[in-house]
Amino acid sequence: SLPAKLINGGIAGLIGVTCVFPIDLAKTRLQNQQNGQRMYTSMSDCLIKTIRSEGYFGMYRGAAVNLTLVTPEKAIKLAANDFFRHHLSKDGKKLTLLREMLAGCGAGTCQVIVTTPMEMLKIQLQDAGRIAAQKKLMAAQAQLSPSSVAGAAEPAVETRTTAMQITRELLRSKGIAGLYKGLGATLLRDVPFSIVYFPLFANLNKLGQKDPNVKAPFYVSFLSGCVAGSTAAVAVNPFDVIKTRLQSLQRGVNEDTYSGILDCTKKIWQKEGPMAFLKGAYCRALVIAPLFGIAQVVYFIGIAEFLLDMLPRHRA
């Protein structure tokens, strides 16, 4: 049932995000680094420096936004894929690969309604620590240089903003369109991701089914979700880099600004080289693999069905 699908998707999203959010924060910061002032050399270096400068909970900056919106986002994605698969099937026959890809395309298109504002707000909070640390480092270097003036002012303390403050400011200055900045890049990432992910997962999961009418074991669903998720994540990482850059409202020292997808692509290619489009790819694979593995296990075990079945018994 649809309520069961929505509950399963929501539970899966909450568990998955809680487990992998620090890696996602490292991905965002690594992707936003340009060739000016580089703060981090790797995922582990980013996480260590984040803990030192911002504390343990610094790794979870922006997590509240994700935990709030990931339930409808994952619910829409998983339920929409099932909806399209059902309506594309002919008399219950096995879907062709093309129809599986079309179902994934529909799911990816539907989810951006929630994904775009969620990613927009999350990126501002995740990257704020990197920009603040970069400014402090630049100020410290300026004070140590021979040309610096004695008694220079101390670097300003970072003022932490909340998701609600950012939302209010964007709505006030740009309206609802402000929350949907980077919508085109989000579609370019999420639609191909779903086209790759859902058919790949479905076919991998079938390999573990002894009987077509019996669900695959949970570990098969988990591993299928991990493999399909990491494969799709790496495949669309260039679009994720572009999306992250376009959705960042603040820039670090000497970092470029972009007017759109083509301008962003051109500047990254010319100034940072083609390998820049793979920034954070292994972080994204590490995020998506367990996230979708957990999602598919929860979804296919059917926790929601159990909860919904218990309600009538409890009332009785």
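Just above, that's the structure.
Nothing here was measured: the structure is a model prediction, and the numbers come from that model.

A. Highlighting empty space enclosed by the protein. Overall, the coordinates contain 1 cavity of 30 Å³ or more when judged by the stated rule. Space inside the largest cavity adds up to approximately 300 Å³. In this structure, the largest cavity is lined by 23 residues; those nearest its centre are Lys74, Glu119, Arg284, Ile288 and Leu291. Elements that contribute at least two residues to the lining of the largest cavity include exactly helix 1 (2-32), helix 3 (63-88), helix 4 (97-144), helix 6 (183-207) and helix 10 (281-301). Looking at the lining of the largest cavity residue by residue, the classes come out as 10 nonpolar, 3 polar and 10 charged.

B. Region of interest: the packing of aromatic side chains. What the rule picks out here adds up to 8 aromatic pairs. Relative to phenylalanine 57, the ring of tyrosine 56 lies with its centre 5.4 Å away and its plane at 80 degrees, an arrangement referred to as edge-to-face. Residues tyrosine 56 and tyrosine 60 carry aromatic rings whose centres are separated by 6.1 Å and whose planes lie at 45 degrees to one another, so their mutual orientation is tilted. Taken together, the ring pairs in this structure connect Phe21, Tyr56, Phe57 and Tyr60 into an aromatic cluster.

C. Expanded view of helix 9 (residues 261-272). Taking 1.5 Å per residue as the helical rise, helix 9 with its 12 residues ought to reach 16 Å, and the 16 Å between its terminal C-alpha atoms agrees with that figure. If you check which residues of helix 9 are buried, you get Cys264, Ile268 and Glu272. Buried residues in helix 9, looked at end-on, bunch into an arc of 30 degrees, giving them a common side. Helix 9 presents Leu262, Trp269 and Gln270 as exposed residues on the side facing more than 90 degrees away from its buried surface. Where helix 9 is buried, its residues touch helix 8 (237-247). Phi turns positive, to about 85 degrees, at glycine 273, one or two residues after helix 9.

D. Examining the pattern of salt bridges more closely. For the coordinates displayed, the defined rule picks out 19 salt bridges. Salt bridges here are not isolated pairs; linked through shared partners, they connect Asp24, Lys27, Glu119, Lys122, Arg189, Asp190, Asp240 and Lys243.

E. Seen up close, the state of the cysteines. As enumerated under the stated definition, the model contains 0 disulfides in all. Among the cysteines around cysteine 105, which has no disulfide bond, cysteine 110 carries the closest sulfur, lying 9.4 Å off.

F. Layout of a nonpolar patch on the surface. The grouping of Phe218, Tyr219, Phe222 and Leu223 at the surface amounts to a nonpolar patch, some 430 Å² of accessible area in total. Here phenylalanine 218 shows up in helix 7 (residues 218-235).

G. Structural view of the side chain of glutamine 31. Following the sequence through the fold, glutamine 31 ends up in helix 1. What makes glutamine 31 buried here is its relative accessible area of 0%. Engagement of the side chain of glutamine 31 in a polar contact is seen with the side chain of threonine 244, the distance being 2.8 Å. Not counting the four nearest positions on each side in its chain, glutamine 31 is found in contact with Asn237, Asp240, Val241, Thr244, Arg245, Lys279 and Gly280.

Criteria and cut-off values
- Residues numbered from 1 in each chain as written.
- Predicted model: local features only at pLDDT ≥ 70, side-chain atom pairs only at ≥ 80, totals over all residues.
- Heavy atoms only, no water.
- 1 Å grid on protein atoms, 1.4 Å probe; cavity = no way out; pocket = protein on both sides within 12 Å on 5 of 7 lines; lining within 4 Å.
- Points joined across faces, edges and corners; volume = space filled by probe spheres on them.
- Helix = DSSP H or I, 4+ residues; strand = E, 2+ residues; numbered from the N terminus.
- Nonpolar A, V, L, I, M, F, W, Y, C, P; charged D, E, K, R; others polar.
- Phe/Tyr/Trp six-rings, centres within 6.5 Å; stacked < 30°, edge-to-face > 60°.
- Expected span 1.5 Å × (residues − 1).
- Buried < 20%, exposed > 50% of the residue type's maximum accessible area, 1.4 Å probe, protein only.
- Arc of directions from axis to C-beta.
- Contact = heavy atoms within 4.5 Å.
- Salt bridge = Lys/Arg side-chain N within 4 Å of Asp/Glu carboxyl O.
- Disulfide = S-S within 2.5 Å.
- Patch = residues over 30% accessible without salt bridge, like charges linked within 9 Å, V, L, I, M, F, W, Y side chains within 5 Å.
- Areas by Shrake-Rupley, 256 points an atom, 1.4 Å probe, with all protein chains shown as cover.
- Polar contact = N/O pair within 3.5 Å; in protein donor to acceptor, adjacent residues only side chain to side chain.

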